[in-house]
Amino acid sequence: PLPSTLPQFLLSVLSVAFLLSSADGNNGTVNWKTKQANSYIISRIKAVEKNVYTILSKVHSDRNVYPSAGVLFVHVLEREYFKGEFPPYPKPGEISNDPITFNTNLMGYPDRPGWLRYIQRTPYSDGVLYGSPTVENVGKPTVIEITAYNRRTFETARRNLIINIMSAEDFPLPYQAEFFIRNMNVEEMLASEVLGDFLGAVKNVWQPERLNAINITSALDRGGRVPLPINDMKEGVYVMVGADVPFSSCLREVENPQNQLRCSQEMEPLITCDKKFRTQFHIDWCKISLVDNTKQVSTFQEVIRGEGILPDGGEYKPPSDTLKSRDYYSDFLITLAVPSAIALVLFLILAYIMCCRREGVEKRNMQTPDIQLVHHSAIQKSTKELRDMSKNREIAWPLSTLPVFHPVTGEIVPPLHTDSYDNTSMPLMQTQQNLPHQTQIPQQQSAGQY
């Protein structure tokens with residue numbers, strides 16, 4: 001009933017008002033800083049002698065930035081700004097320094113726009129959003145969702161960055177130069193002090209009225225390799241700047257034939273103004289790019305979009321139903337008959353050469369001199385006689401090749417075979433094991449056996 005619930009309702013309203021009024025830090029249980037960009041609506045419910053706090057909603061504060069099209073845009077995601085979103089739970093005697101990483105994406109999409117890049121080396125360093133806005137996005141607000149992750153407590157916090165791209169009056173700058181700096185990483189070059197020093201050095205060399213940093217790109221995004229972790233080697237960074245005056249004579253020295261030859265031989269070119277950069281920036285002058293947009297002819301053709309209706313081409317005329325009969329006799333002659341006839345003629349010519357034009361042995365002998373034929377016939381006859389004699393070999397071996405005396409007794413040894421013995425397969429020299437009258441020489445025994 002209403003009379004019994006009215007006091008409870010009034011008590012809840014008063015408790016919420018008391019909680020909001022004491023949110024400056026006097027309450028030990030809840031400690032919310034009102035100076036932060038967030039505001040919370042909290043309800044306090046009293047149930048069974050316990051206080052339960054429930055966060056109903058969290059109001060985010062969006063941040064608006066206004067970069068210019070064609071000019072370098074840099075936005076730093078500071079860890080200190082997001083630390084207030086995560087309650088500190090340090091260990092005794094330890095200062096809270098939680099690892100925080102960031103995830104950035106275009107609202108409603110999984111990734112960032114094509115012109116916007118993001119880099120963060122370690123969870124203990126700040127993240128950086130950088131890029132060069134395009135003219136196509138002028139007047140269209142780009143909402144970037146920034147999500148911070150606390151890698152220790154696994155808590156998250158989200159902010160929105162609204163990028164309002166403005167059109168620049170002096171864009172595009174007609175003269176653009178891109179430098180490759182070897183001793184810098186992209187996050188080091190994005191620092192305002194370092195970038196300001198580089199633009200100051202370029203201004204002293206170029207002497208323009210207007211000088212803007214157009215874009216910064218890491219060498220890894222251009223196909224470069226990750227350097228070895230020795231001697232404090234850097235990845236390298238490309239920096240593009242634009243000006244409203246032509247290139248100075250110092251920058252034009254790169255286009256000299258002598259310097260081009262030195263670059264082709266992987267040698268350092270001789271640039272007079274290099275000493276103005278060498279103190280802080282090591283520039284690879286062989287990779288510098290000078291672009292003069294005033295001399296480039298635009299090949300862009302504006303596309304005129306219509307209403308999607310094709311122009312009237314007249315009444316449709318389908319092909320006739322009756323088709324003319326086609327004669328394939330000529331196609332047959334060209335495709336089959338002519339190649340077959342040529343192949344048959346070539347076959348007959350080859351057969352005549354191989355079969356009807358053979359010279360034979362008689363014609364060869366007629367064309368050979370008689371003395372050469374006699375020598376050839378004599379060699380063949382002698383070879384035949386020697387082969388016949390080797391087949392009918394029945395003579396005994398010479399005595400010089402046979403054993404004459406017994407190796408032990410010294411007696412004369414008779415011949416080992418008769419005159420009719422076939423000795424064609426007999427070896428030239430006989431060993432002592434084959435002798436029938438050979439005696440064994442007694443072996444010397446040890447002294448203990450006597």
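Each value, and the rule that gives it
- Residues numbered from 1 in each chain as written.
- Predicted model: local features only at pLDDT ≥ 70, side-chain atom pairs only at ≥ 80, totals over all residues.
- Heavy atoms only, no water.
- UniProt positions renumbered as here; feature names shortened; annotations may be inferred.
- Core = buried A, V, L, I, M, F, W, Y, C linked by side-chain atoms within 4.5 Å.
- Buried < 20%, exposed > 50% of the residue type's maximum accessible area, 1.4 Å probe, protein only.
- Helix = DSSP H or I, 4+ residues; strand = E, 2+ residues; numbered from the N terminus.
- Contact = heavy atoms within 4.5 Å.
- Disulfide = S-S within 2.5 Å.
- Salt bridge = Lys/Arg side-chain N within 4 Å of Asp/Glu carboxyl O.
- Pairing = 2+ DSSP bridges.
- Axes fitted to C-alpha atoms, helices over the stretch in contact; angles between N-to-C directions.
- Polar contact = N/O pair within 3.5 Å; in protein donor to acceptor, adjacent residues only side chain to side chain.

With an unreviewed UniProt entry as reference, the chain is termed Epsilon-sarcoglycan, source organism Anser brachyrhynchus. UniProt annotates the chain under Function (unreviewed entry) with the comment "Component of the sarcoglycan complex, a subcomplex of the dystrophin-glycoprotein complex which forms a link between the F-actin cytoskeleton and the extracellular matrix." Turning to the chain, the UniProt annotation filed under Sequence similarities (unreviewed entry) states: "Belongs to the sarcoglycan alpha/epsilon family."

Novice: Which residues make up the nonpolar core, and what are the values?
Specialist: Counting residues in hydrophobic clusters, the biggest one holds 37 residues, and the most contacted among them are F179, M189, F198, W206 and W285. Contributing elements (two or more residues each) for this core: β7 (127-131), β10 (175-181), α3 (186-189), α4 (192-206), β11 (211-218), β12 (237-243) and α5 (249-252). It is α4 that provides the largest number of residues to this core, a total of seven residues. In this structure M189 touches I181, M184, V194, L195, F198, I216, V237, V239 and F281, once residues within four positions along its chain are discounted.

Novice: Quick one: what's the story with the state of the cysteines, residue by residue and with numbers?
Specialist: Using the criterion set out here, one finds two disulfides in the structure. One disulfide bridge connects C263 with C286, the sulfur atoms lying 2.2 Å from each other. Measuring handedness by torsion sign, the sulfur bridge of C263 and C286 sits at about -90 degrees and is left-handed. In this pair, C263 is assigned in helix α6 (residues 257-264) and C286 in the loop between α7 (275-278) and β13 (289-292), connecting sequence segments 23 residues apart. The exposure class of C286 is partly exposed, given its relative accessible area of 32%. Cysteine pairing in the chain follows 1-3, 2-4, where each cysteine in a disulfide is numbered by its order in the sequence.

Novice: How would you explain the pattern of salt bridges if you had to name every residue and give the values?
Specialist: Going through the model one piece at a time under the given rule, you end up with 13 salt bridges. For the salt bridge of K83 with E80, the shortest nitrogen-to-oxygen distance reads 3.2 Å. A residue pair is termed a helical-turn pair when its members lie 3 or 4 positions apart in one helix, as K83 and E80 do in helix α2 (residues 79-83) at three residues. The partner of R252 in a salt bridge is E255, with the nearest N and O atoms 3.2 Å apart. Residue R252 is classed as partly exposed on the basis of its relative accessible area, which comes to 30%.

Novice: Kindly report on the sheet that holds strand β9 (residues 156-163), identifying the contributing residues and their values.
Specialist: Strand order in this open sheet of four strands is β3-β9-β8-β5, and the pairing throughout is mixed. Strands with a single pairing partner mark the edges of an open sheet, and in this sheet they are β3 (63-65) and β5 (100-106). Going across the sheet, the axis of each strand differs from the next one's by a mean of 25 degrees, ignoring polarity. Relative to β9, β3 runs parallel, the two being bridged by three bridges. In the sheet register, V65 faces β9, and the bridge partner there is I163.

Novice: Pulling in residues and values, what's your account of the side chain of Q120?
Specialist: Examined against the element boundaries, Q120 turns out to sit in the loop between β6 (116-119) and β7. In this structure Q120 comes out as buried when scored by relative accessible area, which is 17%. At 3.5 Å, the side chain of Q120 forms a polar contact with the backbone nitrogen of F102. Within polar-contact distance, the side chain of Q120 engages the backbone oxygen of T122 at 3.3 Å. Here Q120 is in contact with I100, T101, F102, S125, D126 and G127, once residues within four sequence places are set aside.

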